[in-house]
Amino acid sequence: MRSVAQRQHLASGQDSDVFIRSDGLLVKRTRTGRDLRCEAEMMLYLSGHGIPVPRVFEATEDELVMQYVPGPRMSEEIGRKPWLAGSLGEELADLHHRLDLIPAPGFLSGEGDLLHLDLHPGNVVLGPEGPVVLDWASAGKGDRRLDVALSWVSLAVAHLAPVMKLTRWRFLRSFMANVDPEAKNAIPEAARIRLARHDRDPRERAALQKLMDREPH
Ligand SMILES: Nc1ncnc2c1ncn2[C@@H]1O[C@H](COP(=O)(O)OP(=O)(O)O)[C@@H](O)[C@H]1O
Ligand SMILES: [Mg+2]
């Protein structure tokens, strides 16, 4: 059995617990029984195509060992430096543009282009060499505009402190101004996907429901 004492808890996301090992590498453990080898395969594919992701060292069914990328998450940076909201929104749009260029890998099922499907500011670390995209567990195939819409929806329905609300909309406005304008037509579908994915709190469910009912325009 591996010793838990040599690990320091770093974070717990929606689906996993993350630790730092004594050798400085990061270990992601699933709480849902999802096979982490798929996420590792996806990350290896992406780094081979020039997308900034943490380097993978080892993967088993329930543990993924990867490079720890120091730096604030984009979500933290928005909170701490609200005056950067506009440029951070552009930076997230730019990450989508980089994904636009990557062919979808054959090992993913489905049809269409490569989608991260959870590319919100909490899944981007602003590392010393630039932004790094985390959490490829939900990656799939489809219309790239849906991926953009999911980014918008995740932040639009997030429960934030009142002081953050204006900053959020400044970020989202800048994000949407720098992506395919058709992406907003995919918002109802993105809300449906997000609602189906996890147990959401009642406020978030209500906000998602409202977006699902929105007419495309
Ligand atoms: N390679 C990494 N470098 C730095 N922080 C990381 C790394 N991987 C994960 N984290 C931290 O752990 C959190 C949860 O990891 P994530 O892959 O997003 O799991 P979940 O699927 O549970 O959301 C992230 O939001 C981030 O704060
Ligand atoms: Mg995450």
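Residues numbered from 1 in each chain as written. Chains lettered and ligands numbered in written order. Predicted model: local features only at pLDDT ≥ 70, side-chain atom pairs only at ≥ 80, totals over all residues. Heavy atoms only, no water.

Caption draft 1: Structural view of the site of ligand 1. Around ligand 1 there are 18 residues in total, and S16, K28, Q67, V69 and D135 lie nearest to it. A distance of 3.2 Å separates an oxygen atom of ligand 1 from a polar backbone atom of Q14. Between ligand 1 and R73, the relevant distance is 3.2 Å, taken from an oxygen atom to a side-chain nitrogen or oxygen of the residue. In the complex, 93% of the free accessible area of ligand 1, which totals 550 Å², lies under the protein chains. Among the secondary structure elements, those contributing two or more residues to the shell around ligand 1 are strand 2 (16-21) and strand 3 (26-30). When its residues are assigned to classes, the shell around ligand 1 shows eight nonpolar, six polar and four charged. Residues from two domains meet in the shell around ligand 1; each of domain 1 (7-66) and domain 2 (74-212) gives at least three. (Near = heavy atom within 4 Å. Polar contact = N/O pair within 3.5 Å; in protein donor to acceptor, adjacent residues only side chain to side chain. Areas by Shrake-Rupley, 256 points an atom, 1.4 Å probe, with all protein chains shown as cover. Helix = DSSP H or I, 4+ residues; strand = E, 2+ residues; numbered from the N terminus. Nonpolar A, V, L, I, M, F, W, Y, C, P; charged D, E, K, R; others polar. Domains from an automatic or database assignment.)

Caption draft 2: Expanded view of the UniProt feature "domain: Aminoglycoside phosphotransferase" (unreviewed entry) in the chain. Following the UniProt record, the feature "domain: Aminoglycoside phosphotransferase" (unreviewed entry) maps to residues 10-97 and 109-154 here. From the first C-alpha to the last, residues 10-97 spans 30 Å; its make-up is 38% helix and 25% strand. The distance from the first to the last C-alpha atom of residues 109-154 is 24 Å, and the span holds 24% helix and 30% strand. (UniProt positions renumbered as here; feature names shortened; annotations may be inferred.)

Caption draft 3: Fine view of the environment of C38. Relative to the helices and strands, C38 is located in helix 1 (residues 36-48). What makes C38 partly exposed here is its relative accessible area of 46%. (Buried < 20%, exposed > 50% of the residue type's maximum accessible area, 1.4 Å probe, protein only.)

Caption draft 4: Examining the coordination of the magnesium ion (ligand 2) more closely. Only N123 (OD1) and D135 (OD) from the protein coordinate the magnesium ion (ligand 2), and they sit 2.2 to 2.3 Å from it. Here N123, found in the loop between strand 6 (113-115) and strand 7 (124-127), pairs with D135, found in the loop between strand 8 (130-133) and strand 9 (140-142); they are twelve residues apart in sequence, far enough to count as distant. (Donors = N, O, S within 2.8 Å, 3.2 Å for Na, K, Ca; no water.)

Caption draft 5: Structural context of the packing of helix 4 (residues 144-156) against helix 6 (residues 187-197). Taken N-terminus to C-terminus, the directions of helix 4 and helix 6 make an angle of 65°; their axes are 8 Å apart at the nearest point. In terms of crossing hand, the pair formed by helix 4 and helix 6 is right-handed. Contacts between helix 4 and helix 6 involve L146, A149, L150, W152, V153 and S154 on the former and, on the latter, I187, E189, A190, A191, I193, R194 and R197. Split by residue class, the contact of helix 4 with helix 6 holds nine nonpolar, one polar and three charged. (Axes fitted to C-alpha atoms, helices over the stretch in contact; angles between N-to-C directions. Left-handed = near helix turned anticlockwise from the far one by under 90°. Contact = heavy atoms within 4.5 Å.)

Caption draft 6: Structural detail: the packing of helix 3 (residues 85-100) against helix 4. Between helix 3 and helix 4, whose axes approach to 11 Å, the crossing angle comes to 160°. It follows from the interaxial angle that helix 3 and helix 4 lie roughly antiparallel. Considering the relative orientation of helix 3 and helix 4, their crossing is right-handed. In contact with L92, H96, L99 and D100 of helix 3, helix 4 contributes R144, D147, V148 and S151. By residue class, the composition of the contact of helix 3 with helix 4 is three nonpolar, two polar and three charged. (Parallel < 35°, antiparallel > 145°, perpendicular 65-115°, else oblique.)

Caption draft 7: Quick look at the packing of aromatic side chains. Using the criterion set out here, one finds two aromatic pairs in the structure. Aromatic pair Y45 and F107: ring centres 5.8 Å apart, planes at 90°, arrangement edge-to-face. Taken together, the residues span a long stretch of sequence, with Y45 in helix 1 and F107 in the loop between helix 3 and strand 6 at a distance of 62 residues. The class for F107 is partly exposed, based on a relative accessible area of 38%. Pairing W152 with W169 gives two aromatic rings, centres 6.1 Å apart and planes at 50°, and the pair type is tilted. Placement of the pair is W152 in helix 4 and W169 in helix 5 (residues 165-177), with a sequence separation of 17 residues. By relative accessible area, which is 36% here, W169 ends up partly exposed. The ring of F19 carries R7 above its face, with NZ or CZ at 5.8 Å from the centroid. (Phe/Tyr/Trp six-rings, centres within 6.5 Å; stacked < 30°, edge-to-face > 60°. Lys NZ or Arg CZ within 6 Å of the ring centre and 35° of its normal.)

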